[in-house]
Each structure stands twice: as structure tokens, then as C-alpha cells.
Amino acid sequence: MSSDTELPIVLVHGTMGKSEDWSRVVGELSKSRPVIRPDYTERVTGRNAAEALGIRDLADEVVAAVRAEGRQRFDLVGSSLGAAVATCIAAEYPELVRSLVLVSGFSHGSDPRMSLQFRLWLRLVSTDKTAFSQLLLMSGLSPGYLSAFDEPTLDGIIENFIASTDWRPVEEIIRVDLSLDVREYARRIKCPALLITAMHDQIVPPAYSENLIPGAKTIELDSGHLIFLEKPVDLASAILTFCQGRVPWPSATIEVCA
């Protein structure tokens, strides 16, 4: 049996994310725990599946990537779409997941607000990638964080994002956002769970996350949706505190971080 310090933390990214997004969080987590950060987007690119991609497909890809590392037990963290993927994994593979942390998670893409957002994303991805990238930046970051950048810097960030993104699987992944429904998976979660929301989140407002897992603990960070960029140290601290059992389960409360 592995000790707590040997048990890995698995990080699952969101819709437009990739494993590198977690770099600053990993810098903190890896001081005390091994970290695995699968890139499921890479794994689904070029697939020849006859059926549309679903949340279970992404969950299976993540599990396969972790097992390829020789790991059979882990603490699981998912952000945004990655939170839905993580919820599916925890329900379908309960023997693998010791604890679950969902960051800015949502339960179903058919909610009118979420559906409107994802349909707008789909339209912009196919017609105006610059406008899509501007929208992500504006809605993904808190006003205070975004205002620290001048216009040339923001333009550079957008240009680099467009150039560095593999756009081939993007529409397929956004369609997973639209079609997913993890409410039944969420009701089956038995492991300790923590829900992390962002105070200034415009992509997944906190209300969409607060009751995602019945009985889960909650914490709110002073950030926009892209917490791994704005508050990587605070996010890593919350993950480690919960996963390493410093907060008793299930009787303790978790204070809101400002």
C-alpha cells in the first residue's frame, strides 16, 4: 500500500485547456506529492469513432493515461469540463479515486445559460477565432486581474493563444460541454469531495457548482474562472489541505479564502 506522500494527484484540464495550464499549480503540489496531468485533448485528436464524443470517452482516456503511469489509486482534481470528467471517473471507477476536488464544475450543458454560452463558442470557433479568444479572456479572468494588462499585452496573449492552440478537436470537445449530464454520476459519489468555486467566475458562476456533489465541502477563491492562472498557490493549498486530510471529513467546515 502506498503512503499518502506517494499517492499521486491527478489533474484534469477544461475545454480549451491542456496539461501545461496546471504548471504553476504543479510547482506547488509537487513539493509534497507526485502529480499526473493527462492531456485528453491530445488523446482524442484524430480518433475515428463512429459516434459523437461523450464525457465517458474523456473519462476513460484519463484513466488509461493514469494507468499507463502504473498508478491504480489517486486523488483526483478536475477543472470546468475536467470537473465533469472527474465526476464520471469517481462514479465509474470508485476503486481508483480516494478523494475528489472539483474546480468550477457544472452538472449539465443543457442548462439554458450554459447552452447559450457553448453554442456561442461553437459559432465563434468556426467563424472568428480572435473574437472567441477575446471572449474567453474577458469571461475567464476576474476584472482586477485582467485590468493589470495593457492592450498590446492582451493582444499578444490572444495572438499566442490562437497560434499555439490545436483547433482540430475544439468543436468536438465543446459539443461534449453541450451534451454532458453528470447529475446521475454525482449522486453515486462516495469518496470525500471538495467543490472549489471562483467568486468572479463568468464561465461557470459559483451557483452552478455549489450543489454538484451532495454533501461535499465547499470553498470559494477570489478569482475568475481560470483559477490556475490567477491563484495557483491558493488553489494548490486548498487541494493539498483537502487531499492530505488536514481537514476532517465530513464534520469540519472549510473557510472561504479571500
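What you see is a predicted model, and the numbers here were worked out from it, not measured in a lab.

Cut-offs applied
Residues numbered from 1 in each chain as written. Predicted model: local features only at pLDDT ≥ 70, side-chain atom pairs only at ≥ 80, totals over all residues. Heavy atoms only, no water. Pairing = 2+ DSSP bridges. Helix = DSSP H or I, 4+ residues; strand = E, 2+ residues; numbered from the N terminus. Contact = heavy atoms within 4.5 Å. Axes fitted to C-alpha atoms, helices over the stretch in contact; angles between N-to-C directions. 1 Å grid on protein atoms, 1.4 Å probe; cavity = no way out; pocket = protein on both sides within 12 Å on 5 of 7 lines; lining within 4 Å. Points joined across faces, edges and corners; volume = space filled by probe spheres on them. Salt bridge = Lys/Arg side-chain N within 4 Å of Asp/Glu carboxyl O. Buried < 20%, exposed > 50% of the residue type's maximum accessible area, 1.4 Å probe, protein only. pLDDT = per-residue confidence, 0-100. Parallel < 35°, antiparallel > 145°, perpendicular 65-115°, else oblique. Left-handed = near helix turned anticlockwise from the far one by under 90°. Nonpolar A, V, L, I, M, F, W, Y, C, P; charged D, E, K, R; others polar. Core = buried A, V, L, I, M, F, W, Y, C linked by side-chain atoms within 4.5 Å. Phe/Tyr/Trp six-rings, centres within 6.5 Å; stacked < 30°, edge-to-face > 60°. Lys NZ or Arg CZ within 6 Å of the ring centre and 35° of its normal.

Novice: Explain the sheet that holds strand β5 (residues 193-198) here, please?
Specialist: Through backbone hydrogen bonds, the strands of a sheet pair up, either in parallel or in antiparallel fashion. Pairing is parallel across the open sheet formed by six strands, whose spatial order is β2-β1-β3-β4-β5-β6. Strands with a single pairing partner mark the edges of an open sheet, and in this sheet they are β2 (35-36) and β6 (217-221). Two elements, strand β4 (residues 97-103) and β5, share four bridges in a ladder whose sense is parallel. The partner of Leu-100 across the bridge, within β5, is Ala-193. Along the sheet face, helix α4 (residues 81-92) touches β1 (9-12), β3 (74-79) and β4 and points at about 145° away from the line of β3. In the packing of helix α12 (residues 232-243) onto the sheet, the strands contacted are β1, β3, β4, β5 and β6, and the crossing angle to β4 comes to about 150°.

Novice: Help me understand the layout of surface pockets in this model?
Specialist: Rolled over the atoms, a probe as big as a water molecule pinpoints where empty space is left. In this model, the largest pocket occupies a volume close to 930 Å³. Take the lining of the largest pocket: its biggest share by element is five residues, from helix α8 (residues 151-164).

Novice: Which parts of the structure should I look at to understand the pattern of salt bridges?
Specialist: Side chains carrying opposite charge are able to pair once their charged atoms draw close together. Going through the model one piece at a time under the given rule, you end up with 10 salt bridges. One salt bridge connects Arg-56 with Asp-60, and the closest N-O pair in it is separated by 2.9 Å. A residue pair is termed a helical-turn pair when its members lie 3 or 4 positions apart in one helix, as Arg-56 and Asp-60 do in helix α3 (residues 55-68) at four residues. Exposure remark for Arg-56: the relative accessible area of 31% places this residue in the partly exposed category. Three or more residues are tied together by salt bridges with common partners; here these are Arg-56, Asp-60, Glu-92 and Arg-188.

Novice: How should the confidence of the model for the protein be read in this particular structure?
Specialist: Predicted coordinates in areas of low pLDDT are best not read in detail. Across the protein, the average pLDDT comes to 90, with 91% of residues at 70 or higher. Low pLDDT (under 50) marks residues 247-258, which in the prediction has 24 contacts with non-local residues, meaning those over four places away or in another chain.

Novice: Just checking my understanding: could you explain the packing of helix α6 (residues 129-140) against α8 for this structure?
Specialist: A packed helix pair is summarised by two numbers, namely the angle formed by the two axes and the spacing between the axes. For the pair α6 and α8, the least separation of the axes is 10 Å and the interaxial angle reads 120°. Judged by the angle between their axes, α6 and α8 are oblique. By crossing handedness, the relation of α6 to α8 is classed as right-handed. Packed against α6, whose contacting residues are Lys-129, Thr-130, Ser-133, Gln-134, Leu-136 and Leu-137, the element α8 presents Leu-154, Ile-157, Ile-158, Phe-161 and Ile-162 at the interface. Split into classes, the residues belonging to the contact of α6 with α8 amount to seven nonpolar, three polar and one charged.

Novice: Explanation requested: the pairing of β6 in the structure shown.
Specialist: On any regular strand, side chains alternate: one points to one face of the sheet, the next to the other face. Residue alternation in β6 divides its side chains into a buried set, Lys-217, Ile-219 and Leu-221, and an unburied set, Thr-218 and Glu-220. Both β5 and β6 contribute to a ladder of five bridges, which runs parallel. Pairing of Leu-194 across the sheet is with Lys-217, part of β6.

Novice: Looking at this model, I keep getting lost on the environment of Leu-120. Mind explaining?
Specialist: Structurally, the position occupied by Leu-120 is in helix α5 (residues 112-127). Along the sequence, Leu-120 and Phe-132 sit 12 residues apart, while their C-alpha atoms lie 8.6 Å from each other.

Novice: Would you take a moment to explain the nonpolar core for this structure?
Specialist: Nonpolar side chains in soluble globular proteins generally cluster together in the buried interior. The biggest cluster of nonpolar side chains holds 56 residues, and the ones touching the most others in it are Leu-81, Ile-89, Leu-100 and Ile-213. Examining the composition of this core, we find that nine residues originate from one element, α4, more than from any other. Here Leu-81 is in contact with His-13, Gly-14, Thr-15, Tyr-40, Ile-55, Leu-58, Phe-106, Ile-173, Val-176, Asp-177 and Leu-180, once residues within four sequence places are set aside.

Novice: Can you walk me through the packing of aromatic side chains in this structure?
Specialist: The relation between two aromatic rings is expressed through the spacing of the ring centres and the mutual angle of the planes. Following the criterion strictly, the structure yields seven aromatic pairs and no others. Aromatic pair Trp-22 and Phe-228: ring centres 6.0 Å apart, planes at 45°, arrangement tilted. Here the residue Trp-22 occupies a position in the loop between β1 and α1 (23-29), and Phe-228 occupies one in helix α11 (residues 227-230), the gap between them amounting to 206 residues. Like Phe-228, Trp-22 is buried. When the ring of Phe-132 is compared with that of Trp-167, the centres are 6.0 Å apart and the planes differ by 70°; the resulting orientation is edge-to-face. Separated by 35 residues along the polypeptide, Phe-132 in helix α6 and Trp-167 in the loop between α8 and α9 (170-179) bring together distant segments of the chain. Taking relative accessible area as the criterion, Trp-167 reaches 17% and is therefore assigned buried. Feature note: the residues Phe-106, Phe-118, Trp-121, Phe-132, Phe-161 and Trp-167 constitute an aromatic cluster, connected by ring pairs. The ring centre of Trp-167 lies 5.3 Å from the NZ or CZ of Lys-129, which sits over that ring.

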